Amino acid sequence: MKSLRRSPTKLGLLLVLVILCTGCDSVLNEEPKTFLSEEGVFSSQAGADAATKGIYASLRNFSYYDRWFTAMVEMHADYVNGRGSQAPVGQYQLNAQNIGRIGDMYGAIYESINRANSVISGVPDIDMDPNLKNQYLGEARFLRALGYFNLVRLFGGVPLRTQPTKGSETDLPRASEDEVYSLIMEDLQFAENNLPGSYDQSSHGRATSWAAKTLLADVYLTLERWGDAAAKAREVMDSGEFSLVQVSSSEDFHTKMFGPGVTSYPEEIFSIQYTQSIPAGWLGWLHKPAAGYSSGGVFAWWGELDSFIGQGEWATENSSDLRRNAFLYSGEETQYLDPTINMLFSKFRGSPADEGVDMPIMRYAEPILIFAEAATMANGGPTSEAYEAVNMIRRRAYGQDPAVADPGGVDLSSGLSQEAFRDSVLLERGKEFIMERKRWFDLVRTGTALEIIQGLGKPITEKYLKWPIAQEEIDNNGALTEDDQNPGW
């Protein structure tokens, strides 16, 4: 799929809803028969449903989660390197090509936001069931919040577009980070109060109130609102709606959670849906063709063994932590063309015949680890509940029952300081969320990105903590000038 090079500020000028897309799939997508005006789409409940599904489809954009967002966020972290044209990213030497890819990603996120804005603007005037209307609005506001959360963490303050983009209405100055976060929290609070807790199977994959609560907990964590983050995460934990998937082998992670045959699992909170007819294009960027984990493969993202993935118990494939061999694989089986590429990521793998692997955005391990960290920071040290939370994740990782204590075994020892306990939680997050786009954000929000990455001998500098605003935005947004670019770019 060719990436969009259109300015993110001009996406609404077509007077056509981009929310109706080609190549769309079943539950959360609507295949168009023709192009419709906004007025035509938002004249019926069916149109509102199709428009809402179109927001979900935008998450699979080549330049959003399906490729460049995932690539750039992961390769900026400490445990991933890039290969080929992406090699400069992992070495913090962005060239014009990769800055352009970041610009494409920026535009793709705004396209998703614009689709959400169309629903938020158009649905209120439809004569339809008010509860269903609020559901559609809740879904749109959840997905808009997700887009702005990604933007503000990567770029800082950005233009705050809350209406479908039309002409000069797109000329907006950069909002402050506080203003962006204020909208994010407002959207998520609306979503958690108006979305259902679950759907029937025909609507599997739509955002729920629990997804909104989990994302809101993550926002509070990022803003260091420790008490709010712990409380919101605890709501999800106490809901009884989710449970950690138990495993007894490394392969169980694939067959029970991350493989193409898995359509849902007890830990899933919110995922981007893929099927055989709409394969996960990002799989080919993880693997080498000889691995048999995708229909092709360019193995563009590979592991940095000097980071946590090659240290401690994870240094060898004899690790008792089942995640190590579930999430990583080496080149001993003629997997590589270049012997310097000594580790790839096998957490997500399909087959040449089936690449319908869903991409998790949030799963139950996240509110558990958010709670462990936030409760510790709020209380000035780890509580017994915080210990139990992180130990649940550790027990599962070693093939044990998450609910059964293992003092003297895999459980963290008591008596850790606040700093030591938080470091342990962050390491656990690093291992648990490999290739789930969490690590870079953790390094930045904890202020450890420069220290950890420079410690690997990589030339990261301060400017990489805020990425370059898309040049198309600066060129086409009349309210911006070159002075509005982030420092150093």
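Draft legend 1. The overall build of the chain, seen in detail. Counting its regular elements, the chain contains 18 helices and six strands. In the chain, which comprises 489 residues, the proportion classed as buried is 61%. In the chain, the share of contacts with a sequence separation of at least 24, taken over all contacts with a separation of at least 6, comes to 69%. Total accessible area on the chain is roughly 18,000 Å²; 48% of this is exposed by carbon and sulfur atoms.

Draft legend 2. Structural context of the packing of helix α7 (residues 177–194) against helix α8 (residues 209–222). α8 packs onto α7 with a crossing angle of 155° between their chain directions and a minimal axis gap of 8 Å. Accordingly, the angle class assigned to the pair α7 and α8 is roughly antiparallel. In the crossing of α7 with α8, the sense of the turn from one axis to the other is left-handed. Residues Y181, I184, M185, L188, Q189, A191 and E192 of α7 lie in contact with α8, whose contacting residues are S209, A212, K213, L215, L216, V219, Y220 and T222. Among the residues making up the contact of α7 with α8, the classes are represented as ten nonpolar, three polar and two charged.

Draft legend 3. Unusual backbone geometry, seen in detail. Of note in this structure, M435 is not a glycine but carries a positive phi near 60°. Mapped onto the elements of the fold, M435 is located in the loop between α15 (418–432) and α16 (439–445). Of note in the backbone geometry, R437 takes a positive phi value of approximately 60° without being a glycine. With respect to the helices and strands, R437 occurs in the loop between α15 and α16.

Draft legend 4. View of the pairing of strand β6 (residues 359–363). Across the five residues that make up β6, a large majority, five, are buried. Bridging between strand β2 (residues 268–272) and β6 involves four bridges; their strand directions are antiparallel. The residue bridging F270 from the neighbouring strand is M362, located in β6.

Draft legend 5. Fine view of α7. Taking 1.5 Å of rise per residue, 18 residues should cover 26 Å, and α7 covers 26 Å from first to last C-alpha, within 8% of that figure. All of the buried residues along α7 are V180, Y181, L183, I184, M185, D187, L188, A191 and E192. Buried positions along α7 lie against α6 (130–155), α8 and α9 (226–238).

Draft legend 6. A look at the nonpolar core. Membership of the largest hydrophobic core comes to 144 residues, with the highest contact counts inside it found for F142 and W440. Among the elements that line this core, the one with the most residues is α6, at 14 residues. In this view, F142 contacts L188, A191, L195, A207, A211, A212, L215, F270 and M362; residues no more than four positions away in its chain are not counted. Among the nonpolar cores identified, the runner-up in size contains six residues, and A291, Y329, I341 and L344 belong to it.

Draft legend 7. Layout of the packing of helix α5 (residues 96–122) against α6. One can describe the packing of α5 onto α6 by two numbers: an axis separation of 8 Å at closest approach and a directional angle of 155°. Relative to α6, the element α5 lies roughly antiparallel. In the crossing of α5 with α6, the sense of the turn from one axis to the other is left-handed. For the pair formed by α5 and α6, the contact residues are I102, M105, Y106, I109, Y110, I113, A116, N117, V119 and I120 on the first element and Y136, L137, A140, R141, R144, G147, Y148, N150, L151, L154 and F155 on the second. Of the residues contributing to the contact of α5 with α6, the split by class is 16 nonpolar, three polar and two charged.

Draft legend 8. Structural context of helix α14 (residues 384–397). The first and last C-alpha atoms of α14 sit 20 Å apart over 14 residues, in line with the 20 Å expected at 1.5 Å per residue. For α14, the tally of buried residues reaches eleven of 14 residues, placing the bulk of the element in the interior. Listed as buried for α14 are A386, Y387, A389, V390, N391, M392, I393, R394, R395, R396 and A397. Taken together, the buried residues of α14 touch α10 (250–258), α12 (322–327), β6, α13 (365–379) and α15. Backbone geometry just after α14 places G399 at a positive phi near 80°.

Draft legend 9. Just the packing of aromatic side chains, in detail. If you walk through the whole model with that rule in mind, you get 25 aromatic pairs. For the pair F142 and F270, a centre-to-centre distance of 5.2 Å together with 80° between the ring planes defines the contact as edge-to-face. Of the two residues, F142 is situated in helix α6 and F270 in strand β2; the sequence distance between them amounts to 128 residues. A relative accessible area of 2% means that F270 is categorised as buried. Each ring, one from Y387 and one from F421, has its centre 4.9 Å from the other, and the planes form 65°; the classification is edge-to-face.

Cut-offs applied
Residues numbered from 1 in each chain as written. Predicted model: local features only at pLDDT ≥ 70, side-chain atom pairs only at ≥ 80, totals over all residues. Heavy atoms only, no water. Helix = DSSP H or I, 4+ residues; strand = E, 2+ residues; numbered from the N terminus. Buried < 20%, exposed > 50% of the residue type's maximum accessible area, 1.4 Å probe, protein only. Contact = heavy atoms within 4.5 Å. Areas by Shrake-Rupley, 256 points an atom, 1.4 Å probe, with all protein chains shown as cover. Axes fitted to C-alpha atoms, helices over the stretch in contact; angles between N-to-C directions. Parallel < 35°, antiparallel > 145°, perpendicular 65-115°, else oblique. Left-handed = near helix turned anticlockwise from the far one by under 90°. Nonpolar A, V, L, I, M, F, W, Y, C, P; charged D, E, K, R; others polar. Pairing = 2+ DSSP bridges. Expected span 1.5 Å × (residues − 1). Core = buried A, V, L, I, M, F, W, Y, C linked by side-chain atoms within 4.5 Å. Phe/Tyr/Trp six-rings, centres within 6.5 Å; stacked < 30°, edge-to-face > 60°.

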